[in-house]
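What follows is each chain in one-letter form.
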Amino acid sequence: MPFVNKGFHGRPRQPSTGLVPPGQYVVDDFPVLTAGRTPKLSLDLWDFTITDESGARLARWTWDQFQALPSEDITADIHCVTKWTKLGTRWSGVSVDKLLSGIDTEANFVMALAELDYTTNLPIADVRGNQAWVAFEFDGKELAPEHGGPARLLVPHLYFWKSAKWVRGLRLLNNDQPGFWESLGYNNYGDPWREQRYQGD
Ligand SMILES: Nc1nc2c(c(=O)[nH]1)N[C@H]1C(S)=C(S)[C@@H](COP(=O)(O)O)O[C@H]1N2
Ligand SMILES: [Mo]
C-alpha cells in the first residue's frame, strides 16, 4: 500500500527509502554539527534574498512574506559526511523551485549564503526539480536554532553540509566556486551514493 500521509499543509509526503548509502550508519538521535557558534537571529531583521553574480538583488522576502509563500511537507533521509544517516526526517519549507520561479537566469550554479559566512555551492539543477527547500519546521515544530532555525537549506540528496543552516540567500553563479567546506578539501558535489566525501572521491 502506498504511504500517503496528509500533513499539516495538506500535501502528501514522500516516504523514506529505507536505503543507507555506502559507509553510513543509521542514528535515531539528531546530532548537531556546526563549525562555530549558533547565531541568534531576530525574525524582524531576517530576510531571504536571491542575488546575481554581481550581487544585484533579484528577489527578497521578509520573514512574514516568506511565511506567506506556499510551503510543503517533506520527508527525507539525511546523510552527514561524518557517516551518520537519519532516516525519514520530516520538515516543512518552501521549495527552491518556488523561490526561483519568477527569476529569469542562465546561471549554472548557486552559492547558498548563511549567517557567520558559511557558504556552500551547488549546481542550480540540484536545487531545482523538487530537490531542495528552505525549511523552517522540523518534526512539526519550528526549527531549533542549533539545527539552523529559523530557516535552513534542505538538500537531502547530497551530504548534509550542503544543507546550510541559518541560510539567508542564494547567489546565482555562472561559474562554480567552492564554498566553506568545499574549499577545505571536501568534495565539490557530495553525492552520498557515490561516497563523494573528499576532493578526488
Ligand atoms: N551555517 C552552517 N550550516 C551548516 C553547518 C555549519 O557549520 N554552519 N554544518 C553543516 C554540516 S557539516 C552538517 S552535517 C549539517 C548538520 O546539521 P544539524 O546540526 O542540524 O545536524 O549542517 C550543515 N550546515
Ligand atoms: Mo556534516
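Notes on the structure follow. For clarity, every value in this text was computed on a predicted model and none was experimentally measured. (Residues numbered from 1 in each chain as written. Chains lettered and ligands numbered in written order. Predicted model: local features only at pLDDT ≥ 70, side-chain atom pairs only at ≥ 80, totals over all residues. Heavy atoms only, no water.)

Remarks on the overall build of the protein
As a reminder of what qualifies: In DSSP terms, a helix is any run of H or I states spanning at least four residues, a strand is any run of E spanning at least two, and both are numbered starting from the N terminus. The size measure is the radius of gyration over C-alpha atoms, and the globule rule it meets is 2.2 Å times the number of residues to the 0.38 power. Buried residues are those whose accessible area, probed at 1.4 Å on protein chains only, stays under 20% of the maximum for their type, while exposed residues exceed 50% and partly exposed ones sit between those limits. Throughout, a contact is declared for two residues whenever any of their heavy atoms are within 4.5 Å. For every accessible area listed, the method is Shrake-Rupley and the probe measures 1.4 Å; residues are considered covered only by the protein chains on display. Asp and Glu count as negative and Lys and Arg as positive, but His and the ends of the chain are not part of the count. Where a charge sits is defined by one atom per residue type, namely NZ (Lys), CZ (Arg), CG (Asp) or CD (Glu).
A count of helical and extended segments in the protein gives two helices and eleven strands. From first element to last, N terminus to C terminus, the protein shows the α and β order β-β-β-α-β-β-α-β-β-β-β-β-β. Relative to the globule expectation of 17 Å for 201 residues, the C-alpha radius of gyration of the protein, 16 Å, shows essentially globular dimensions. Projecting the C-alpha coordinates of the protein onto the three principal axes gives extents of approximately 45 × 45 × 35 Å. A burial count over the protein gives 48% of its 201 residues as buried. When contacts within the protein are restricted to residue pairs at least 6 apart in sequence, long-range pairs at least 24 apart make up 66% of them. Accessible surface, the protein as shown: approximately 10,000 Å² in total, 50% of it carbon and sulfur. Charged side chains of the protein number 20 positive and 25 negative; the gap between the two group centres comes to 3 Å.

Section: the site of ligand 1
Short version of the rule: Summary of the distance rule: residues count as near a molecule or strand when at least one heavy atom falls within 4 Å of that molecule or strand. Within 3.5 Å is the distance limit for a polar contact, defined as a pair of N or O atoms, with the added protein rule that one can donate a hydrogen and the other accept it, and that residues adjacent in sequence qualify only through two side-chain atoms. Any residue outside Ala, Val, Leu, Ile, Met, Phe, Trp, Tyr, Cys, Pro, Asp, Glu, Lys and Arg is labelled polar, Gly included; the first ten of those are nonpolar and the last four are charged.
Looking at ligand 1, there are 20 residues lining it, with Pro31, Ala35, His147, Arg152 and Lys165 nearest. The side chain of Arg152 places a nitrogen or oxygen atom 2.7 Å from an oxygen atom of ligand 1. Contact between ligand 1 and Lys165: an oxygen atom at 2.6 Å from a side-chain N or O atom of the residue. Burial of ligand 1 by the protein chains amounts to 97% of its free accessible area of 530 Å². Taken together, the residues of the shell around ligand 1 break down into 14 nonpolar, three polar and three charged.

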